[in-house]
Amino acid sequence: MESVSGQGDGGTWPTGLDEAIRGTAADIAATLRGASDTGAPVPGSRWTVGEAAAHLAQANELMAHLADGRERGYGDGTPQGLAEANQRALAAFAERRAEPLAAMIVEQADAFLQSAARPASQASHRSHTSHGELVTPMGPMSLEVLGSYLLTHMLGHGYDLARALGRPHMLNRARVVLTLPFLITAMPRVLDTTAAAGLTARYAIHLRGGACFGATFADGAVTVTPRPPSRPDCTIRTEPVAFLLMALGRLGPWSAVARGRVLTWGRRPWLAPRFPALFTPP
């Protein structure tokens with residue numbers, strides 16, 4: 001993945017991330033503004049359209065605050081803790097109308113990018129760990145990974161809103177590739193240790209178009225690397241949008257295989273459908 005230096009705290013900011021964040025927020029806003037009823041249910045969720053949009057608006061504001069250096073406690077870092085924090089936050093936020101929420105989603109995405117673009121000399125107030133990372137609801141991460149987190153979160157809930165409202169979704173290959181820094185960071189933190197117990201396996205994951213990473217399981221833990229292992233037990237090649245939907249729990253692996261969106265091979269190809277089930281999407 002190409003990247004450019006000079007954004008945030010002097011790290012390496014992925015090329016196209018600004019445009020992906022802005023474009024995704026704008027696409028979600030356009031989808032929402034076409035909604036006649038925000039009380040409609042979101043498929044596969046207990047939320048309505050208005051609740052999902054309110055959650056997105058709140059989450060974008062939270063991440064903008066984190067990028068600006070404000071300390072914000074939010075759950076305990078576990079999927080269950082995040083879900084509980086989401087419900088508490090929604091209960092304290094009454095707005096459910098499409099237009100105000102659409103505007104807030106866009107405004108807070110822009111606020112995040114404005115904070116992220118500050119040079120290090122103006123960002124000394126940011127709250128960091130001892131290793132120079134930001135404190136986030138999913139654990140410590142760099143500003144660049146936080147940007148990838150924001151994009152991933154918007155794409156997941158934006159997809160839900162598009163399905164609920166019968167509109168085209170906003171996922172594409174370029175945007176999915178930009179979610180990988182966050183997913184690689186988050187996978188060990190959302191591992192289902194019960195599902196992974198006793199598994200010893202090396203996976204190579206390839207997205208059509210060139211992006212790839214590796215995941216090695218041993219002793220109930222996973223190590224995720226930007227490069228696949230040299231001798232994988234199972235290689236999974238998937239269409240990028242299908243990959244993200246499986247990673248976020250929106251698409252089952254067997255459904256993706258049946259649609260021809262996933263190919264597998266290797267010494268233990270039967271391990272492929274198990275891979276998404278080894279994680280609990282946040």
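Residues numbered from 1 in each chain as written. Predicted model: local features only at pLDDT ≥ 70, side-chain atom pairs only at ≥ 80, totals over all residues. Heavy atoms only, no water.

A. Molecular detail of the overall build of the protein chain. Per the secondary structure count, the protein chain includes eleven helices and seven strands. For 282 residues, the compact-globule formula gives about 19 Å, and the C-alpha radius of gyration of the protein chain, at 19 Å, lands near that figure. Summarising its shape, the C-alpha atoms of the protein chain cover approximately 55 × 45 × 35 Å along the three principal directions. Of all 282 residues assigned to the protein chain, the portion counted as buried reaches 50%. Of all intrachain contacts in the protein chain linking residues separated by at least 6 positions in sequence, the fraction that spans at least 24 positions is 73%. Taken together, the 26 basic and 23 acidic charged side chains of the protein chain have centroids lying 8 Å from each other. (Helix = DSSP H or I, 4+ residues; strand = E, 2+ residues; numbered from the N terminus. Rg over C-alpha atoms; globule rule 2.2 N^0.38 Å. Buried < 20%, exposed > 50% of the residue type's maximum accessible area, 1.4 Å probe, protein only. Contact = heavy atoms within 4.5 Å. Lys, Arg positive; Asp, Glu negative; His and termini not counted. Charge placed at Lys NZ, Arg CZ, Asp CG, Glu CD.)

B. The arrangement of the packing of helix H1 (residues 17-33) against helix H4 (residues 98-116) in detail. It is at 8 Å that the axes of H1 and H4 come closest, and there the two elements cross at 175°. Relative to H4, the element H1 is oriented roughly antiparallel. Along its contact with H1, which presents Asp18, Ile21, Arg22, Ala25, Ala26, Ile28, Ala29, Leu32 and Arg33, the element H4 presents Ala98, Glu99, Leu101, Ala102, Ala103, Ile105, Val106, Ala109, Asp110, Phe112 and Leu113. Split by residue class, the contact of H1 with H4 holds 15 nonpolar, no polar and five charged. (Axes fitted to C-alpha atoms, helices over the stretch in contact; angles between N-to-C directions. Parallel < 35°, antiparallel > 145°, perpendicular 65-115°, else oblique. Nonpolar A, V, L, I, M, F, W, Y, C, P; charged D, E, K, R; others polar.)

C. Looking closely at the sheet that holds strand S4 (residues 212-218). Pairing within the open sheet is mixed, and its five strands lie in the order S5-S4-S3-S6-S7. Each having just a single partner strand, strand S5 (221-225) and strand S7 (262-265) make up the two edges of the open sheet. Between one strand axis and the next, the sheet turns by 20° as a mean value, whatever way the strands run. As judged from the five bridges shared by strand S3 (residues 201-207) and strand S6 (residues 234-238), these two strands associate in the parallel manner. Across the sheet, histidine 206 pairs through a bridge with arginine 237, a residue of S6. Docked against the sheet, helix H9 (residues 240-247) engages S3, S4, S6 and S7, running at close to 115° with respect to S6. (Pairing = 2+ DSSP bridges.)

D. Here's a closer look at unusual backbone geometry. Phi angles above zero are rare outside glycine, and aspartate 219 is one such case at about 55°. When you line up the elements, aspartate 219 lands in the loop between S4 and S5.

E. View of the pattern of salt bridges. For the structure on display, the rule yields nine salt bridges. Residue aspartate 68 pairs with arginine 70 through a salt bridge whose shortest N-O separation is 3.5 Å. A relative accessible area of 14% means that aspartate 68 is categorised as buried. Classification of arginine 70 by relative accessible area gives partly exposed; the value is 44%. As a salt-bridge pair, arginine 97 and glutamate 95 come within 2.8 Å of each other at their nearest N and O atoms. Exposure remark for arginine 97: the relative accessible area of 54% places this residue in the exposed category. A network of salt bridges, in which partner residues are shared, links Asp233, Arg267 and Arg268. (Salt bridge = Lys/Arg side-chain N within 4 Å of Asp/Glu carboxyl O.)

F. Spatial organisation of the confidence of the model for the protein chain. Within the protein chain, residue pLDDT values average 89, and 91% of them lie at 70 or more. Within the model, pLDDT remains below 50 along residues 1-6, and this stretch shows 16 contacts once partners closer than five positions in the same chain are excluded. (pLDDT = per-residue confidence, 0-100.)

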